[in-house]
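Per-entry structural report
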Amino acid sequence: MSRSTSGRAGLWLVVALALGALAFLVLGDPLHLFGGAEDRYGGGEGAGEDLTAGSGRSAVEDPAAKGGGPELAGLYGAGDLGGVQLRLLDAATGKPRARQEVRLRSRGGSETALSSAADGVALFGKVNPGKGWQVFIEGSGFRAVSLVNITVKPGETNDLGDIMLGQNVVLRGRVLSPSGKPVPKASVAAYLPERATSSQGMVVYLVSQALAVPQPREEVITDEEGLFTFASLADGTYSLVARHPGYGTRQQNEVVVKTQSAASPLVVRLGEGARMIGKVLDADGRPIPGARLVALRDLGNRFSLSGTLERDEAVTDAKGQYVLDTLVDGSSYRFGVMADGFAAAWDQASTEVQRALERDFTLARGGFIEGRVTEEGSGAPVADAVVTVVVGRFAMGGMRQGRGATGGAGGASAAPSDPTTPAMGKTDTQGRFRLGPVLPGPVMSAVIKASGYSSASASTWTNNAWPDVTLEAPAQIEVSLKRGGSIEGRVTGADGTPIGGANVVAASSGNMASMWVGSPAAVTDAEGRYRVDGVPPGDYHLAADARGFAQADAGGDATKVTVPPEGGTRTLDLTLAAAAVIRGSVTDGKGEPVAGARVRTRPDLSAMFRGGGGPGGGARMVAAQQTAADLTDAQGRYRLEGVGTSVEWTVEVEAEEYVVTQSEKLKLKAGEVKDLDMVLTGGATLSGRVVGEGGAWVNGARIRVGTLNPDDVQRPYLSGWQVDRQLDARIFFSDPEGRFLIPNIRPGRVLVKVEQQGYVTYYKRGLSLAADAKLENHQILLARGEIVEGVVKGADGKPLSGALIVVTARAAAGGAEEAATAEPGDSVEPSMNAQTDADGKFRVENIPPGDWNVAVGFAPGHLGWFGGNDESAIKRSLRVPARDIEFRLKAQEPGTSGFGPGRPGGTGAPPPPRPAGGPGSGGRMPPPR
């Protein structure tokens, strides 16, 4: 089947687009979190108090196993009794552990013991039904194991599965292929995740992630059954990465490891594999050996700042050749290439990898940026300041190319234009820095941070960009940092007890610009004292993050503090309450417990970020990052601790063979313990054909599905910007006869999106599918669209490159108001935009017939429609096709932005809106109005 190679422009991942909207990214932040259960569950009601130990096949020379256990209480007949079974395996060899004593204890304390049989099985055959049973396994040569809160049902044997016995087994699991078969000799590595912090900011986080060389804390290989165990991981949270040549890499973030954990095995299912090969060459066509090629996966609406970005890597051989054979088929990646002595080159547009792709990379020697960072006023050098830059010209537009004449491996070749270079360095004792080599061109973004100083930034968006980088001589930069004000105080519990180790963040009130540059922060000492230095003048809300505690109202009036223009020190004490707890069980549709399900909290930030977040939005954003995760045990139980109380949450559950399930929104009180049971269901199936105009089958159409949020079901108007974040990460393609099959769709109001070159992007949001339902022979009709083209110029008549053009039906006079009173339809307005080239020209294709508004959303150094609402930046009610359109834009004041308020030398401007089709593009793009 011939399929196309495509990419989606977006502002989430690769460094070059670090100006992307952090708020929008986190709006679609359900990257699935995983954790480990632990021995902390209390017994349930109705727990059995006695048992009779049967003479099951596991009883070996044990007095209790010969009938010496407690007698029946006379409440149950023989047919009402249940059983408990488990199998013991040696963690090092995987072989059964025979003659190992296992003790079973009732909730009331009655206990019996037996020894495992030759096959490692221990079976307690006659057990009173109830909850609260416990199993204990102790001995020499392995860590003691305890399994708690076991439920026994009448006439059933509760199989607890395999228990690995080893010196320090803290995590175990199994790696499966996409079809569910065990994968032997797979590599499973555990990494300490690099988390984004509010003080770090988006730009620094993404650049550091792109340049990082992650090292695993432990790496193991699966056995012939696909099983793996970790023996030396300390308590903590990890990113778990499983790889095997020929399969797509699978990464699970937020895997919680606790040495006292009794969680059931973690199941890791690899993806369908794709392969990319090629060479890395210099400008003269010579191979570059030892070059490092990094593929950062475009996760769409599953992107999270709480774990290491998903990546695959390869190193070129002596001939400059590389092989990446662990990519996920149908997924999009942004590629970066780095080699000593050359400027790193990173894609701006993502590339969709399908089956096989061939691509060569060319590296240039590059130029340099030199400068000095000093203190404003005194001129004293600032040492150890971190200077982070992204060099390159902003470009949007994804790749969507054919595979070539052969349609086979190596038939596709692609190379996105306008690469960028991320760079990061520190100043020396004299405040000097030197970055490079970097590609020549404009400095898209620069962030300078130093302890005790207010952060400074420059960008093409705020009209205060640094000089362009050239090959002739290093770009010279002088940066002055302000000392800023200070905020100090104490963080205590409700009883006045000091809370040490709390992270206190001064989040700018109503200014989302700090989300990508960072916010001033400090950590409390043992007495709960903190001091945040380098705070620019303005209004702030303090947010405190401490394990086990929560702010009752992050972003409320009690957390507000104002730093005046003259600086100085302000004092504000914070009182934290006990965090909430969510606990419960996960079962399937038949009421059976689901072991190894990943359970996590997910914040609802939609209201918070409408209108730019509003006062206190930044503080609530910090509170929303305090997510919790767990992994259900053999009984399907979970416990989420440390849940915040300042935002609404949903609980999300994911397990193999089931669809992802979410709870209703929860707003918890301080110290509340919420019981919440979750039921997983099977998914729906959608199949049919994609048909073009004239009835021709459409081969290689890209299909994604998702389930709409309840709030969006009844909305009369929905745009691609709003709904794309609700699409699954899975991607499907129509075959040469236009057929497609999509299994395991979450029940509800299903959204369908179909893309193919030369056709209008298709959306349908009116399908209602129930669990296990099958909708067959569904026809998707693609239509060819029209074009809009023209030019964007400044008031001086010079063409403007890099301007974002948006086509939308909203916001002609009364458009938004009329749409608000309309009935919900079955369609979604596709995202239709383009970027001007070096001559200021643009062309937007595949527009549905009709009347449309065309707006310049933003243009570097000039006022766009977003934020400015300048009528010169919009053409209303144009009938398509429309050609020869001309915009004349007004210039911005230096240091200001077309996206909202800004100030010279400050943290910059709020980020621009996300281009169409970008990952997680559910940010509420401000429409023309």
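Residues numbered from 1 in each chain as written. Predicted model: local features only at pLDDT ≥ 70, side-chain atom pairs only at ≥ 80, totals over all residues. Heavy atoms only, no water.

Describing the overall build of the protein chain
A count of helical and extended segments in the protein chain gives nine helices and 64 strands. Per-residue burial over the protein chain gives 59% buried out of 929 residues. In the protein chain, of all internal contacts separated by at least 6 residues, the share reaching a separation of at least 24 is 75%. Total accessible area on the protein chain is roughly 35200 Å²; 48% of this is exposed by carbon and sulfur atoms. (Helix = DSSP H or I, 4+ residues; strand = E, 2+ residues; numbered from the N terminus. Buried < 20%, exposed > 50% of the residue type's maximum accessible area, 1.4 Å probe, protein only. Contact = heavy atoms within 4.5 Å. Areas by Shrake-Rupley, 256 points an atom, 1.4 Å probe, with all protein chains shown as cover.)

Let's talk about the environment of Gln756
In this fold, Gln756 is placed in the loop between strand S55 (748-755) and strand S56 (762-769). It is 8.9 Å that separates the C-alpha atoms of Gln756 and Asn699, two residues lying 57 residues apart in sequence.

Let's talk about the pairing of strand S4 (residues 111-115)
Counting buried positions along S4 yields four of five residues, so the element is predominantly enclosed. Following strand S3 (residues 101-105), the chain reverses through five residues before pairing antiparallel with S4; Gly109 in that reversal takes a positive phi of roughly 105°. (Pairing = 2+ DSSP bridges.)

Structural notes on the confidence of the model for the protein chain
Interpretation of this model should avoid reading the predicted coordinates in detail wherever pLDDT is low. The predicted model of the protein chain averages 79 in pLDDT, with 79% of residues at 70 or higher. Between residues 397-415, whose pLDDT stays under 50, and residues either more than four places distant or in other chains, the model counts 48 contacts. (pLDDT = per-residue confidence, 0-100.)

A word on the nonpolar core
With 31 residues, the main nonpolar core has Val792 and Val856 as its most contacted residues. At the level of secondary structure, the elements contributing two or more residues to this core comprise strand S58 (786-794), strand S59 (804-808), strand S60 (832-835), strand S61 (841-847), strand S62 (851-858), helix H9 (865-868) and strand S64 (882-889). If you tally residues by element for this core, the top one is S62, at five residues. Non-local contacts of Val856, meaning those with residues more than four positions away in its chain, are made with Val792, Ala803, Leu804, Ile805, Gly864, Trp865, Ala873, Phe887 and Leu889. Listed in part, the 24 residues of the second largest apolar core include Ile288, Phe342, Leu357 and Leu363. (Core = buried A, V, L, I, M, F, W, Y, C linked by side-chain atoms within 4.5 Å.)

Structural notes on the sheet that holds strand S35 (residues 503-508)
The strand order across the open sheet formed by four strands is S36-S35-S38-S40, and the pairing between neighbours is antiparallel. The sheet is open, and its two borders are formed by strand S36 (521-523) and strand S40 (560-563), each paired with just one other strand. Mean inter-strand twist for the sheet, computed between neighbouring axes without regard to direction, equals 30°. With three bridges connecting them, S35 and S36 associate as antiparallel partners. Among the inter-strand pairings, Val504 is bridged to a residue of S36, identified as Ala522. (Axes fitted to C-alpha atoms, helices over the stretch in contact; angles between N-to-C directions.)

Let's talk about the sheet that holds strand S2 (residues 82-90)
Spatial strand order, S5-S2-S8: three strands in an open sheet with mixed pairing. Each end of this open sheet is capped by a strand with a single partner; those strands are strand S5 (121-127) and strand S8 (157-165). Taking each pair of neighbouring strands and ignoring which way they run, the sheet shows an average axis angle of 15°. Relative to S8, S2 runs parallel, the two being bridged by seven bridges. Looking at S8, one finds that Arg87 is bridged to Asp162.

Focus on the side chain of Thr249
Of note, Thr249 is situated in the loop between strand S14 (247-248) and strand S15 (250-257). Of note is the side chain of Thr249, whose polar atom sits 2.7 Å from the side chain of Asp312. (Polar contact = N/O pair within 3.5 Å; in protein donor to acceptor, adjacent residues only side chain to side chain.)

Description of the packing of aromatic side chains
Counted under the stated rule, the structure contains six aromatic pairs. Aromatic rings pair up to connect Tyr322, Tyr333, Phe335 and Phe361 into one cluster. Taking the ring centre of Tyr759 as reference, the NZ or CZ of Arg784 above it sits at 4.2 Å. (Phe/Tyr/Trp six-rings, centres within 6.5 Å; stacked < 30°, edge-to-face > 60°. Lys NZ or Arg CZ within 6 Å of the ring centre and 35° of its normal.)

Considering helix H2 (residues 202-211)
Most of H2 sits inside the fold, with eight of its 10 residues counted as buried. The set of residues buried in H2 consists of Met202, Val203, Val204, Tyr205, Leu206, Val207, Gln209 and Ala210.

Some words on the pattern of salt bridges
According to the stated counting rule, one finds 36 salt bridges in the structure shown. Here Glu111 makes a salt bridge to Arg103, at a shortest N to O gap of 3.2 Å. Taking relative accessible area as the criterion, Glu111 reaches 33% and is therefore assigned partly exposed. Residue Arg876 pairs with Glu871 through a salt bridge whose shortest N-O separation is 2.8 Å. Residue class for Arg876 comes out partly exposed when judged on its relative accessible area of 29%. Glu871 sits in the partly exposed class, given a relative accessible area of 46%. A single salt-bridge network, built from bridges that share partners, covers Glu352, Arg702, Asp724, Lys753 and Glu755. (Salt bridge = Lys/Arg side-chain N within 4 Å of Asp/Glu carboxyl O.)

Some words on the side chain of Thr524
Positionally, Thr524 belongs in the loop between S36 and strand S37 (529-535). At 2.8 Å, the side chain of Thr524 and the backbone oxygen of Ile499 are in polar contact. Here Ala502 takes part through its backbone nitrogen, which lies 2.8 Å from a polar atom of the side chain of Thr524. Every residue in contact with Thr524, bar those within four places of it in the chain, is listed here: Val491, Ile499, Gly500, Gly501, Ala502, Val504, Arg529 and Tyr530.

Points about unusual backbone geometry
Between Gly436 and the following residue, Pro437, the backbone shows a cis peptide bond with an omega angle of 0°. The omega angle of the peptide bond from Val880 to Pro881 is 0°, so this bond is cis rather than trans. In this structure, Pro881 sits in the loop between strand S63 (874-879) and S64. Backbone geometry at Asn744 places phi at a positive 55°, although glycine is not the residue there. Look at Asn744 and you get partly exposed, because its relative accessible area is 32%. One non-glycine residue, Ser877, adopts positive backbone phi at about 50°. Along the chain, the position of Ser877 falls in strand S63.

Considerations on the environment of Lys774
Turning to its location among the elements, Lys774 is positioned in strand S57 (residues 774-781). Its relative accessible area of 63% is what places Lys774 among the exposed residues. Separated by 89 residues in sequence, Lys774 and Thr685 have C-alpha atoms that sit 4.7 Å apart.

Some points on the environment of Gly109
By the secondary structure assignment, Gly109 is in the loop between S3 and S4. The exposure class of Gly109 is partly exposed, given its relative accessible area of 43%. Sequence-wise, Gly109 and Trp133 are 24 residues apart; in three dimensions their C-alpha atoms are separated by 9.3 Å.

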